[in-house]
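Chain and residue survey
Residue strings, one per chain:
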Amino acid sequence: MAMAKRFLNFTQGWTFTAGSNPHSNLGSNTMIQKHRILVCKMLIWVAALSPGAWLVAGLFLNWLGANPVETLTHITGMTTLVLLLVTLSVTPLRRITGWNVAIRLRRPLGLFAFFYALIHFNIWFVFDQVFNWRWMVEDIIERPYITVGFSAFVTLIPLALTSTKGWMRRLGIRWTKIHRGIYLATTLGVIHYYWLVKADVRLPLLLAFCLSVLLIYRIPGWLEKRRRTIARSHGSDVS
Amino acid sequence: MIIRSKKASDISSSEITPPEIYLGRRRFIRDAGLGLATLALSGTTSTNEVAGQSQEIPPRFRNLKSELGEDLNSYRDITTYNNFYEFGTDKRDPSRNSSEFEPQPWTVSIEGHVNKPGNYELDDILAPVTMEDRIYRLRCVEAWSMVIPWHGFPLADLIKRVEPTSNAKFVRFETVHRPEQMPYQKTGVLPWPYVEGLRIDEAMHPLTTLVTGVYGTELPNQNGAPLRLIVPWKYGFKGIKSIVKIEFVEEMPTNTWKMANSFEYGFYSNVNPEVSHPRWSQARERRLPSLFKSHETLMFNGYGEEVSQLYAGMDLHRWK
Ligand code: HEM
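Nothing here was measured: the structure is a model prediction, and the numbers come from that model.

Notes on the environment of A:N122
Residue and element names in this part refer to chain A. Mapping N122 onto the fold places it in helix α4 (residues 106–128). N122 sits in the partly exposed class, given a relative accessible area of 33%. Through-space distance from the C-alpha of N122 to that of P92 is 32 Å; in sequence the pair is 30 residues apart.

Structure below.
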């Protein structure tokens, strides 16, 4: 129940938009907050779209090198992974700074991550597998780094599909549970990267380190929540 | 001079390729400014600009094709898309990070089971040999490939001169170790210096080439200046670059990639579409500059007629 309440709390924060705020007691401070979040969202759009724009321009202006598909794959894969990690940083950012409305940055970040994963996957399907389903299945089965990358991608699909306010409301508490899939997807993404690198594993290890920090940061919260749930169920047993 | 012979893998030039076939085959105009297309159009010597260096490409490369009618890759692609981990792991790193490298003067130490060991000046190695253009397919283990007009001479010519003894069963090559000029040698990305090896009969094979140039011009640093190996029926990483040591040994040497990851890389590393690498299917390749990985990979990279007898009776699934 406590969780449901908390969830409702933040959906409220999530759903209100400028001008439609029913809580008139929130003063000008909220206006600044809203303003700030808008600026952040704009920055996210610009930052998240720029790798894509750079690639599209490069395709036409021919600066992606002798093997453009390799560049496309690498940049889209890297952008996906970085965006997933940034998405996972939103909660720690809120906790540390107390800037709670930052939650509203989470959905655009997550969706941009999925957007790049989708392109990344399609580049592989179109240019590497040349639309051939048999080759595609073979690659997924035989190459562990593809198996893992593909699993990461598949894990992200339901999250992207249920990212709307409508689905959030419909799924209620289950929404939060489903969206924990991002931990799995990002972990698989890091493993995918680590496995595909031929020799220089320094960057994959750095990203693995970032992921570990983001996950470890959450452990006390998870433990606390579990402790409370257990305590509560004990309490109801007694009564 | 361009070598011509009747064998399948030797090149044939445009003179025997009807123009309607080679015209219009160029898939990408994007190379027009720098690559072969320019040569085809202008018909005269063209200038290639790569990383500030200007290269005059002799007109004989106009409209050249491999024997399968394949276009040559552009000078620019050949010299800006390289795996040369001493200069970095990104394909563009070698062309960007190798300008400090000094390929002159150069000596090669020839050691081991030979009658004439010693430190050989590169100029002395090159003095008596006949240089040739050799158009070979280069198949990388990463499943991309190019067609490249190398300039060099048969390794066998050098081997005969130094007179190996009967104990020389294998040849072991070493790349120069100069961390101050090769920035990634300061990292532990691979065990340095880079080592490669061939069985003596592979080394003596007429297709095996010591390369000093590309497109008839001096080999750029990023391609392994001043002296590198090309073994066209093996994956590209066997073509060790910037060679300073050639040693004749009795035991099979351990090559660098096998040392780094023996599960994925073997000693022989013959191009073989039937034996897939754990990371890449080897059945197909991306023939650059094509975007699609749809070019069928040929056994021994298409040089089976010449080299398959070297491996008669060997289980090539086992001897990777
Ligand atoms: C959430 C999902 C995924 C993430 C986070 C991800 C991430 C990455 C990253 C970081 C790279 C390396 C980029 C670089 O080297 O700079 C990469 C490369 C690659 N990914 Fe993914 N990826 C994902 C899903 C997939 C899927 C579904 C496929 C195909 C089925 C795939 C196929 C590839 C391939 C073929 C490469 C290049 C491998 C090579 O260079 O040899 N990835 N990916």
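Structure's up, so let's keep going.
Details of the coordination of the iron atom of the ligand
Ideal geometry at a metal gives 109.5 degrees between four tetrahedral donors and either 90 or 180 degrees between six octahedral ones. Residues and elements named next belong to chain A. The protein atoms donating to the iron atom of the ligand are H120 (NE2) and H192 (NE2), with metal-donor distances spanning 2.0 Å. Around the iron atom of the ligand sit six donor atoms, and with donor-metal-donor angles ranging over 85 to 179° the site reads as octahedral. One end of the pair, H120, is in helix α4; the other, H192, is in helix α9 (residues 181–196), with 72 residues separating them in the sequence. With respect to burial, H120 and H192 carry one shared label: buried.

Focus on the packing of α4(A) against helix α6 (residues 144–161) of chain A
Helix-helix packing is described using two parameters, namely the angle between the two axes and the distance between the axes. Residues and elements named next belong to chain A. At a minimum axis distance of 10 Å, the contact between α4 and α6 shows a crossing angle of 135°. Comparing the axis directions of α4 and α6 gives the class oblique. Considering how the two elements wind past one another, α4 and α6 form a crossing that is left-handed. Contacts between α4 and α6 involve L111, F114, A117, L118, F121 and W124 from the first element and I146, F150, F153, L156, I157 and A160 from the second.

Comments concerning the side chain of A:T80
Residue and element names in this part refer to chain A. Mapping T80 onto the fold places it in helix α3 (residues 68–97). Among the polar contacts made by the side chain of T80, one reaches the main-chain carbonyl oxygen of T76 at a distance of 2.7 Å. In this view, T80 contacts A113, Y116 and A117; residues no more than four positions away in its chain are not counted.

Concerning the nonpolar core
Membership of the largest hydrophobic core comes to 123 residues, with the highest contact counts inside it found for B:I110, B:W150, B:F173, B:L229, B:W233, B:I246 and B:F248. It is α4(A) that provides the largest number of residues to this core, a total of nine residues. Non-local contacts of B:I246, meaning those with residues more than four positions away in its chain, are made with B:V108, B:S109, B:I110, B:E111, B:L158, B:V171, B:R172 and B:F173.

Some thoughts on the confidence of the model for chain B
Residue and element names in this part refer to chain B. When pLDDT is averaged across chain B, the result is 84; 83% of the residues are at 70 or more. Ignoring residues within four places in sequence, the model shows residues 1–53, a span with pLDDT below 50, making 109 contacts including any to other chains. Across the predicted assembly, pTM comes out at 0.83 and ipTM at 0.79.

Overview of the interface of chain B and chain A
Interfaces are often sized by the amount of accessible area the parts lose when they come together. Counting residues at the interface gives 32 residues for chain B and 27 residues for chain A. Here chain B meets chain A over a buried area of about 2400 Å², counting both sides, of which 48% is carbon and sulfur. Mapped onto the side of chain B that touches chain A, the elements with two or more residues apiece are α3 (75–80) and β13 (284–287) of chain B. Here the side of chain B that touches chain A is composed, by residue class, of 15 nonpolar, seven polar and ten charged.

Criteria and thresholds
- Residues numbered from 1 in each chain as written.
- Chains lettered and ligands numbered in written order.
- Predicted model: local features only at pLDDT ≥ 70, side-chain atom pairs only at ≥ 80, totals over all residues.
- Heavy atoms only, no water.
- Helix = DSSP H or I, 4+ residues; strand = E, 2+ residues; numbered from the N terminus.
- Buried < 20%, exposed > 50% of the residue type's maximum accessible area, 1.4 Å probe, protein only.
- Donors = N, O, S within 2.8 Å, 3.2 Å for Na, K, Ca; no water.
- Tetrahedral: all angles 85-135°; square planar, octahedral: opposite > 155°, others 65-115°.
- Axes fitted to C-alpha atoms, helices over the stretch in contact; angles between N-to-C directions.
- Parallel < 35°, antiparallel > 145°, perpendicular 65-115°, else oblique.
- Left-handed = near helix turned anticlockwise from the far one by under 90°.
- Contact = heavy atoms within 4.5 Å.
- Polar contact = N/O pair within 3.5 Å; in protein donor to acceptor, adjacent residues only side chain to side chain.
- Core = buried A, V, L, I, M, F, W, Y, C linked by side-chain atoms within 4.5 Å.
- pLDDT = per-residue confidence, 0-100.
- Buried area = accessible area lost by both parts, 1.4 Å probe.
- Nonpolar A, V, L, I, M, F, W, Y, C, P; charged D, E, K, R; others polar.

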